[in-house]
Amino acid sequence: MTEPAAADGALLALASRLAEHAGRGRAQMLTPLAGGNNNQVYRVETEAGETLILKHYFSDPRDPRDRLAAEWGFLRHAWARGVRAVPEPLASDAAAHAGLYGFVPGRKLLAAELEPTHIDAAADFVLAVNAAPRDPMALEPASEACFSLAEHLATVERRVARLAGLDQQAPHAEAAQRFVAEALVPAWTAVKARLSDDARAAGLSMEQTLAGSECCLSPSDFGFHNALADAGGTVTFLDFEYAGRDDPAKLVSDFFCQPEIPVPMRYHAGFIARLAQGLGLDAAGHARCRILLDAYRIKWTCIILNDFLPIGAARRAFADGGSRAARGASQLAKAEAQIAGIGA
């Protein structure tokens, strides 16, 4: 096992090499930052007195997603379009699973602080990334991208099925298994049946694949849990490791289902209307945004329970190394709250 001091030295050398490549001089100090669930994040101080951010991305053969490539591609696209509500991409090293970015000052908002101006900022950001001339094909599909209602259902189905393989050694594993069997699976069965009925009522085919023009470039895992507000109230959005081409309905559903800083449902209809107008969504696109919400509540319940899966635990340990028992109890409570919102 690599000693911490050696690991820190290797990361400082990596940060310095990337900073020099970006024309920012040598890095002289690294400070770990808390809060990342999937990656290691460091504040970098350069000899010139500039502050940058180094991200060291999780990599595991059991999870083939290229988080660096997704984030780097999305940020390069956004920056080229003049979108500045994101960190500046400076340099990357695919072999080292690392990227160097501009530092963004600010703090996370509290759920109680969210106001219409914040929701508008989120919609403005999505529309700016997708501004004319629109090119939804500019990026590869997002992580778990879905281009038909059937694909949305299949994606959630896989997530639910995966929970049959809970780590028996995880703290609170028995309570998690009971929750999956007695609450999650029955709720998913009901949501699937209702979604099929709603799709039929809206005249939507479960198998119809979206045309490229019906897709959007999505930040994915989008919400205020991945945003910072500065002293003047300007919001900057972060963390695009799952970004890419996707169904706008998935973007909307993720935005309202992410549990860390919940977006009140009173903004749901207005947010859909903003995106429908800005992205040119037709009646079918508008309907998908409405009828997929509960399916994504199920999906996010599964995501919350990732800590009880071996690969999820490995990713969290890589990112923060905190107490698995405390986090497990917290995640189980969040999963129960997420399920309670279904049908609301």
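The preceding data block contains the structure.
Calculation criteria
The residue numbers shown here count from 1 along each chain, following its written sequence. Restriction of local features to residues with pLDDT of at least 70 applies here, the model being predicted, together with a cutoff of 80 or more for giving and counting side-chain atom pairs; totals for whole chains, interfaces and linings are based on all residues. Each side-chain value is worked out from all heavy atoms of the structure, with water and hydrogens disregarded. Think of it this way: DSSP has to see at least two bridges between two strands before they count as a pair. Secondary structure counts use DSSP, requiring at least four H or I residues in a row for a helix and at least two E residues in a row for a strand, with both numbered from the N terminus. Between N-to-C directions, angles cover 0 to 180 degrees, with each direction set by a line fitted to C-alpha atoms, over the stretch in contact for helices. The contact definition used throughout considers only heavy atoms, calling two residues in contact when any of these lie within 4.5 Å. Orientation categories follow fixed angle ranges, with anything under 35 degrees roughly parallel, anything over 145 roughly antiparallel, 65 to 115 roughly perpendicular, and all other angles oblique. By definition, turning the near helix anticlockwise from the far helix through less than a right angle yields a left-handed crossing, and turning it clockwise yields a right-handed one. Just so you know the grouping, Ala, Val, Leu, Ile, Met, Phe, Trp, Tyr, Cys and Pro go in nonpolar, Asp, Glu, Lys and Arg go in charged, and all remaining residues, Gly too, go in polar. Throughout, disulfides are identified as pairs of cysteine sulfur atoms within 2.5 Å of each other. Under the scheme applied here, a residue whose accessible area is under 20% of the maximum for its type counts as buried, over 50% as exposed, and between as partly exposed, the area being computed with a 1.4 Å probe on protein chains only. In a helix, the anticipated span is given by 1.5 Å times the number of residues less one. Within this analysis, the arc is defined by the directions that extend from the helix axis to the C-beta atoms. Planes of paired rings set the category: under 30 degrees apart is stacked, over 60 is edge-to-face and the rest tilted, where pairs are Phe, Tyr or Trp rings (Trp by its six-membered ring) whose centres lie within 6.5 Å. One side-chain nitrogen of Lys or Arg within 4 Å of one carboxyl oxygen of Asp or Glu is enough to make a salt bridge.

Enquirer: Any chance you could explain the sheet that holds strand 1 (residues 27-33) here in plain terms?
Expert: Strand-to-strand pairing in sheets goes through backbone hydrogen bonds, with the strands running parallel or antiparallel. Taken in spatial order, the 5 strands of this open sheet run 1-2-3-5-4, and their pairing is antiparallel. Two strands bound the open sheet, and with one partner strand each, they are strand 1 and strand 4 (89-93). Strand-to-strand twist of the sheet, defined as the mean angle between neighbouring strand axes without regard to direction, takes the value 25°. For strand 4 and strand 5 (residues 98-102), the ladder comprises 4 bridges, and the chain directions are antiparallel. Opposite Ser92, over in strand 5, you have Gly99 as the bridge partner. Of the strands in this sheet, strand 3 (51-56), strand 4 and strand 5 touch helix 2 (residues 67-80), which is tilted by about 155° from strand 4.

Enquirer: Would you mind going over the packing of helix 7 (residues 268-279) against helix 8 (residues 283-291) with me for this structure?
Expert: Helices that pack against each other are described as a pair by the angle of their axes relative to one another and the distance between those axes. One way to put it is that helix 7 packs onto helix 8 with a least axis distance of 10 Å and a crossing angle of 150°. Taken together, the axes of helix 7 and helix 8 lie roughly antiparallel to each other. In terms of crossing hand, the pair formed by helix 7 and helix 8 is right-handed. Of the residues in helix 8, those touching helix 7 at His268, Ile272 and Ala276 are His286, Cys289 and Arg290. For the contact of helix 7 with helix 8, a count of residues per class yields 3 nonpolar, 2 polar and 1 charged.

Enquirer: Even after reading the chapter, I still don't get the state of the cysteines, so can you show me in this structure?
Expert: Defined simply, a disulfide is a covalent bond joining two cysteines at their sulfur atoms. Inspection of every chain in the model, using the stated rule, returns 0 disulfides. For the unlinked cysteine Cys257, the closest cysteine sulfur is that of Cys302, found at 12 Å. A relative accessible area of 2% means that Cys257 is categorised as buried.

Enquirer: Can you walk me through helix 4 (residues 149-162) in this structure?
Expert: Spacing of three or four residues puts side chains on the same side of an α-helix, whose turn is 3.6 residues. For helix 4, built from 14 residues, the straight-helix expectation of 20 Å at 1.5 Å per residue is met to within 8% by its first-to-last C-alpha distance of 20 Å. Along helix 4, the positions that sit buried rather than exposed are Leu149, His152, Leu153, Thr155, Val156, Arg159 and Val160. Down the axis of helix 4, the buried set is contained in an arc of 160°. They therefore lie on one face. Of the surrounding secondary structure, the elements contacted by the buried residues of helix 4 are helix 5 (173-201), helix 6 (248-257), helix 8 and helix 9 (293-304).

Enquirer: Before we go on, may I ask you to explain the packing of aromatic side chains in this structure?
Expert: Given two aromatic rings, one states the distance between the centres and the angle between the planes to describe the pair. Under the definition given, this model contains 13 aromatic pairs. Here the aromatic rings of Phe125 and Phe237 are separated by 4.9 Å at their centres, their planes lie at 15°, and the arrangement is stacked. Here Phe125, found in helix 3 (residues 116-129), pairs with Phe237, found in strand 8 (residues 235-237); they are 112 residues apart in sequence, far enough to count as distant. Each member of the pair, Phe125 as well as Phe237, is classed as buried. Here the aromatic rings of Phe224 and Phe255 are separated by 5.7 Å at their centres, their planes lie at 55°, and the arrangement is tilted. Residue Phe224 is located in the loop between strand 6 (216-218) and strand 7 (227-229), and its partner Phe255 is located in helix 6; the two are separated by 31 residues in the primary sequence.

Enquirer: Looking at this structure, I do not really get the pattern of salt bridges. What am I missing?
Expert: Side chains that carry opposite charge are capable of pairing whenever their charged atoms lie near each other. Counted by the stated rule, this structure contains 26 salt bridges. Measuring nitrogen to oxygen at the nearest pair gives 3.4 Å for the salt bridge that ties Arg67 to Glu241. Separated by 174 residues along the polypeptide, Arg67 in helix 2 and Glu241 in the loop between strand 8 and strand 9 (244-246) bring together distant segments of the chain. Taken individually, Arg67 and Glu241 each receive the classification buried, so the pair is uniform in this respect.

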